[in-house]
Every structure is written in structure tokens, then in C-alpha cells.
Amino acid sequence: MDDQVRKTDKDVSVISNGCHFCFVYKDTVELADLLQDYVMSGLYGNELCVWMTPDVESATKAKDMLKEKGIYIDPYLRTSQLEFVLIPELPENDLKLLPSLLLDHWRLMQDQAILNGFDGLRVNVDLQDVEGSGLEYLTSYTDIVEDTVRELGMRSLCTFPLDIFSRSEVIDLIHSDHNVIIKVDENDLSFKEDVSDSKPERSVYRKPMRNDEVLSSIYHSSPTVAFLWKTEKGFPVEFVSDNVSQFGYDAATLISHEILYADIIHPDDLEGYYSDLLECLNENKRNFFREYRILDRNGNVHWVSEHSNLEVVEGSASDRYYGIILDITEKKHAEYQLKETEAKYRTLFEGSGDAIYLQKPDGTFLEANKSGLELLGYTNEEFLSLNSGSAILFDLVEEFKAHLAEVLNNGHSIFETVLLKKDETGVPVEISATLIEYKGENAILLVSRNVTERKNKEENVLAAKANAETGIIAKSEFLSNMTHELRTPLNAIIGFSDVLLEESLADANEKHVKYLQNISDSGKKLLGIINDILEISRVESGNVELNYEHFLVLESFDVVCSLLAPMAEKKYVDLHSELDPRGIVINADKQKFEQILQNLVSNAIKFTPAGGSVDISARFVEERLLVQVKDTGIGISEEDRQSLFKPFSQVDASHRRGYGGTGLGLSIVKHFVDLHGGNVWVKSKPDLGSTFSFDIPISGASPCTAKSIT
Ligand code: ADP
């Protein structure tokens, strides 16, 4: 009794494309369940599914129920959208009017659906018991629906509420020509009749169709394309899932053998494909795997991977094989790019002039480039058996390990060390070490540059510097000794010529006096030069110390002015001094301060033509004393100002002839001002005069020592 069933246990999802079905349901919940399956798995392509019902209430109910089940709209799954439409009312229930009415209505909807981007329309009709109707009415209604739908090349599913039928009507329905699925609640309805015996030929489901349908629906939204080929020439396709459309092909075209699979395979890969497959067949292997290129409908190349199984069909002319292909173009491109990048880095690695080593954090060497092996003198094999610690000069191993630890912590470190070569000699290198990922693990890349040459140069420079320094000191010592030795006889010459001048003034004739005066003047000039040289050499050898004392700046101004007044008078140059305030007291080396002032003022007088003026001023600026010597002399060009304070520098050689001097005065000024922790500078324009300024701390704080200046 239990197998009265053409009925409850059938799964609605097996309804194949192109079939028209009647579905008889007990209540709307069951109907909703089954329709959910139907819509989710039975629809084909991007169809618009229309459910028609004559009853507004049942339409709303069903609509809500289906919506609740989440099947209302899901365009991304490429299933369908569902639309509810009320069946138009027939004037006087005249069924004859129905076909043309439905036809017009559906045709319109079909066009609209396609216009809106759907593949077409699928029609479900819910047949209610309309007043005055019965099974006959409903079944003829079903026939009309199916015929009309067929005419439009669509599919339909008609549903009847089971409650409205009597048992005999239900049995009639089963016996009718329709493909019927009946969903019954066994408690309410039991069928005693074994219908399967009476109409065995009415098996609705053909098995192969069902498998294809299931496969088709599985593969529908998957990127994997399912195939069933024959091993005959050209590989005619027996079955292919619809999503072959991703390559621009239509499943029907392939299945009809209009296009063979061999037509799709890239011509360059076809031979390899054939021979691989042949080998598989010959060796009786069942699994076939290959990556190759295919051409899509537009001729674009796609890489695919094929996994298939060979099926030897007994007694058949050809074997079949079935499997899947997957578009791996992107993966292939990525692989290609990776290979390219790898090749690029490999070339850089091998071709680099720097020695490059790769080691694990524990020191085990992993790789070395050619330069790396050459630098150490090992073969690759010998090198790989080493640990980085054994390739470092013994004394520096601990320091090297500390650097590696730094790399592990910070990702990078640059340091110098000495590598130990195979012949046990050392080679100084500068290493740039970086933490990298190598085959999924941490590794340290050591890019080492041989710095032997640089080291040698550095050593040479240091030696040269030391030599030069010794030379400078020796020179300065020599100069200070020599100038001292020169000064003694020179003082005697000056002294005695002055004595002679004073004593023999009455007796000597004019000529003799003039000669004696010349001897005295030249001697004094020479003494000035010797003093300057002595001063400079003292400063250069670092033998100058400042004797700080508090003194009135006014005093120093008076000393310098009275010393240089005769010179100014002689040249008809006005000499002025101004102090603000007059009682300025500073803590400095008085002698050096006066020397600075004297050098600047004598230059100013020297380079100012007759009729000009020289003004000396001093004032406080913050905690410093600012002294300025301003003249209206010949001025100095910008270019010449650059080297003004360097020893022995004069603006041009003609100065020496025109104005005399050694080019040491300003250099001494700079040294003395520096020693006081001050600054000296000049503002000048050619022909418009110059202003030399210097400032020093009034409190005597001197950040510079004689040694540091040297
Ligand atoms: P010198 O013994 O030659 O005067 P200095 O070191 O004192 O040596 O000066 C260097 C040069 O700077 C001078 O030869 C001169 O060309 C230029 N100079 C210095 N002071 C002045 C100034 N007040 N006006 C113009 N030129 C000057």
C-alpha cells in the first residue's frame, strides 16, 4: 500500500528543461517548500519566473512565503527573479478565449523579460477551483496553458490545490497524460491503488537527463566547466556544462559537434595534448591531467587545467573521458611574472660585483653569488658546508653575531668587519645585512663590499695627515725660532741707528741723517713683518694662550689711535673714535685686543686715500662688545672678500707694491677673535670704503681654545 506512489517522494528539482509539469499540493506550505527547490535548482539561465494565479489572496500568501525562503530575487546566483501575475478573468469562464489571451499576455511578457536582460520567461500557473469547475475544467485549463507555453518555447508548471479534488479525481489526475507530482499528507489521504502497475510506461524521469540536469545546475555558477568527450579524432563533446559560455561558446554548439574540442585547443598545444592522452590510454592510466591553452570564441588565449578520467567503453568504437577544465589564465600570468621577477633578481644576484651571501639566522650559509665565492676563495660546495661565524676573523665573531641580532630585531644593519678567506687571510668588508623571507623562513642577506682599497687610502691619508701635522709643527717651531733669532740682531740695528740718529744729529750732514732714518724705518718695518710671522706661526703651532684681564676699552682705543695718528696725519686721513658708553670695561686679552684693533685701523688708514676718514666705534650688543672700523677707502670686491682672512692673502699682487704689507694682518685678527670666542666680518664695496667688524663676549667667556683653533 505504501508504494501507491507516483507521488510524495519525488524531488521537484529533477524537473528537466523543456518539461511541462503539473503539481498537486496539499497545502501552500508544502507548495512553497517544493517551489523553492524548483526555483533554486530547476531554473535555466537567467530566466524570469512568472507565477500566475487567479486568486489575489493566495498570490500574496505564496509570494510572502517564498520571499521568506529567500528565493524572491537573487540575480547574482543567476537563478531567477520571480514575478506574480493574476490570471486575467475570462468572460463567462469561456475557456476558448483563454489560449489567445494567454498567448498575447505571455508574448508581451516574454519580450519584456528579454528586453530586461532575462534569457526568457518560465510560467507557473496556480489553478484554483473556479466556481462551476471541476477536474475536467482544470485539466483542460492545464492543457491550454501547456500548449500556449509550448508555442512560445517556454516551460510551465501548473499547480493544483489537492484539497479541491475528490479522491477519484486525484486518481484520474494521476492517470491523465500529464507529468504529475503529487504531494500528499498520508494521514489525510491514502491511495489504495497501485498506479505503477497499471501504467508502467509512464515513468516520467529519464535517468541520463536527470544526471545532466543535476550536473548542469551544479556547474552553473561555478568557474569549473564539466565536459564529457569522446576520444575520437577532434574530441567531439558529448556533454558540457552551460558555463562553457565563459569562453564564449554555447553548450549546444559543442554538443551538436559543430565545434569540436580540438578546435578550441590552441594549435601549438594540440599535438602535446594528443600525445599525452595517447600515452595515458596506452599505459592504461585512468587519470589525465594537463595544463594547456585554449582559444575562446573571440580568439583570446586562456590557460586551462584539465583533470579528467578515462572511461573505457566496452564494445564501443571510442572511449570516453569526462572531467573538468578550469580557467587558470590569471594564475599562469602571476606564475610567469613571478618567474620573470625571480630571473631578474637571480641575474642581479649573480651579476653583482658585490659579494652576496644568504644565511639562516643560526649562521648556516644558504647561497653565495659568484663574487662571494671568489672573494672567499671557496667552491660552492665548500662554502655551503660553512657557518658564517667561521668566515669572520676570529676576534670579530662576537661583534658580527651582535650585528646579526640587530638585523633580526630591526630588519637591517650596516657594519664593517673582516671576512676570513679560505687561505686564512682577512679581507675588510662593509656589509649591508637585511632580514628577508626565503622559502617561507627568515634568512639574512649579506651584501658585502670589499673595502681593502678604501682602507688603504684611508690609512695613507691618515699617514699623510700625520706627516703634514708634524711638518706644520716643525715649520712653526722653525719659524718661531728663526724670527726670534732675527729679531735680536734687528733690534740692535734699529736701536743703534736710533742712537746714532739722536747723537750725531748735529754733526752729520743731511744725507747721513736721511740714510740713518732709512735704516731705522726699514728695520722697524722688518721687525713688524717678523712679528707677524712669529705670531702666525705661534697660532698655527697652537702655542698661543689668552691672558684675560679687565680693562677699559677706551684705554686700548687711545693706545692704538696715538700709535697710528702719525700715519693718518701723514696720509691726510681723519681718524675718529667713538665709544658708547665711554667707560666700557671688558674681560679679554688686552694685548691681543689692541693687536686686532691696530691691524684693522692700520689697514683702514693704509687703504684710504688722502682726504678720507677712518672711524672706530665700540658698543654693547647683548652680552658682547661690537667694534667697528669704518673707512672711506678703496673697498674690496665680493670675490676678494672670500679669502681675506686667510694667511698671506692680498687682494692682488699690485697691493703689495702700492700699499706694502704681507697679507698676514687679517689672518692674525681672525685667529685672535676666534680665540676670544668672537666673530669677525667685513662689509665693503669697491671705491665706497669698508667696514670691518668684530664682536667678542664681554665677560671673557671663551668657548674656543687655542688648541681647538689649531
Ligand atoms: P696686509 O699686510 O697686506 O695689509 P692684511 O691681512 O692686513 O695684509 O690684508 C690683506 C689684504 O686685504 C690687503 O692686502 C688688502 O688687499 C685687503 N684689505 C685689508 N683691509 C682693507 C681695507 N680696509 N680696505 C681695502 N682693502 C683692505
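The structure this text deals with has already been given above.
Residues numbered from 1 in each chain as written. Predicted model: local features only at pLDDT ≥ 70, side-chain atom pairs only at ≥ 80, totals over all residues. Heavy atoms only, no water.

A. The arrangement of the overall build of the protein in detail. When you go through the protein residue by residue, the secondary structure sums to 22 helices and 23 strands. Within the protein, the proportion of its 710 residues that are buried is 42%. The contacts in the protein between residues at least 6 apart in sequence include a share of 63% that link residues at least 24 apart. Working note: accessible area of the protein is about 38700 Å², and carbon and sulfur atoms make up 52% of it. (Helix = DSSP H or I, 4+ residues; strand = E, 2+ residues; numbered from the N terminus. Buried < 20%, exposed > 50% of the residue type's maximum accessible area, 1.4 Å probe, protein only. Contact = heavy atoms within 4.5 Å. Areas by Shrake-Rupley, 256 points an atom, 1.4 Å probe, with all protein chains shown as cover.)

B. Quick peek at the sheet that holds strand S14 (residues 412-420). The strand order S13-S12-S16-S15-S14 describes an open sheet built from 5 strands, whose pairing is antiparallel. Two strands close off the open sheet at either side, each with one partner strand: strand S13 (365-368) and S14. Sheet twist, expressed as the average angle between the axes of neighbouring strands with direction ignored, equals 30°. Pairing between strand S15 (residues 426-438) and strand S16 (residues 441-450): 10 bridges, direction antiparallel. Directly across from Ile-436, in S16, lies its bridge partner Ala-443. Where helix H15 (residues 452-503) meets the sheet, its contacts fall on S14, S15 and S16, and the angle it forms with S15 comes to roughly 135°. (Pairing = 2+ DSSP bridges. Axes fitted to C-alpha atoms, helices over the stretch in contact; angles between N-to-C directions.)

C. Up close: helix H18 (residues 590-606). Under the 1.5 Å per step criterion, the end-to-end length of H18 is 24 Å for 17 residues, consistent within 8% with the ideal 24 Å. Of all 17 residues making up H18, 13 are buried, and the element is well covered by its neighbours. Between the side-chain oxygen of the N-cap and the backbone nitrogen of Gln-591 there are 3.2 Å, and the N-cap of H18 in question is Asp-589. (Expected span 1.5 Å × (residues − 1). Polar contact = N/O pair within 3.5 Å; in protein donor to acceptor, adjacent residues only side chain to side chain.)

D. Here's a closer look at the nonpolar core. Membership of the largest hydrophobic core comes to 45 residues, with the highest contact counts inside it found for Val-553, Ile-586, Phe-593 and Phe-694. Not counting chain neighbours up to four residues away, the residues in contact with Phe-694 comprise Phe-593, Ile-596, Leu-597, Leu-600, Leu-625, Leu-626, Val-627, Val-673, Asn-679, Val-680 and Trp-681. Listed in part, the 28 residues of the second largest apolar core include Phe-118, Val-125, Leu-138 and Val-145. (Core = buried A, V, L, I, M, F, W, Y, C linked by side-chain atoms within 4.5 Å.)

E. Quick peek at the pairing of S14. Side-chain alternation along S14 places Ser-413, Phe-415, Thr-417 and Leu-419 on a buried face and His-412, Ile-414, Glu-416, Val-418 and Leu-420 on a face that remains uncovered. Pairing between S14 and S15: 9 bridges, direction antiparallel. Within S15, the position partnered with Ile-414 by the bridge is Ser-432. Between S14 and S15, which pair antiparallel one after the other, the connecting turn spans 5 residues, and Glu-424 there sits at a positive phi close to 70°.

F. Main features of the packing of helix H16 (residues 510-540) against helix H21 (residues 665-675). Where H16 meets H21, the closest approach of the two axes is 10 Å, and the angle between their N-to-C directions is 40°. Taken together, the axes of H16 and H21 are oblique relative to one another. For the crossing formed where H16 meets H21, the hand is left-handed. In this structure, H16 uses Asp-532, Glu-535, Ile-536 and Val-539 to contact H21, whose residues at the interface are Ser-667, Ile-668, His-671 and Phe-672. A per-class count over the contact of H16 with H21 returns 4 nonpolar, 2 polar and 2 charged. (Parallel < 35°, antiparallel > 145°, perpendicular 65-115°, else oblique. Left-handed = near helix turned anticlockwise from the far one by under 90°. Nonpolar A, V, L, I, M, F, W, Y, C, P; charged D, E, K, R; others polar.)

G. Quick peek at the packing of H15 against H16. Here H15 crosses H16 at 160°, and the two axes come no closer than 8 Å. Comparing their axes, H16 and H15 come out roughly antiparallel. The interaxial crossing formed by H15 with H16 has left-handed handedness. In the contact of H15 with H16, the residues fall into 15 nonpolar, 10 polar and 5 charged.

H. Just the environment of Asn-491, in detail. As for its position among the elements, Asn-491 is in helix H15. By relative accessible area, Asn-491 is classed as partly exposed at 40%. It is 8.4 Å that separates the C-alpha atoms of Asn-491 and Lys-524, two residues lying 33 residues apart in sequence.

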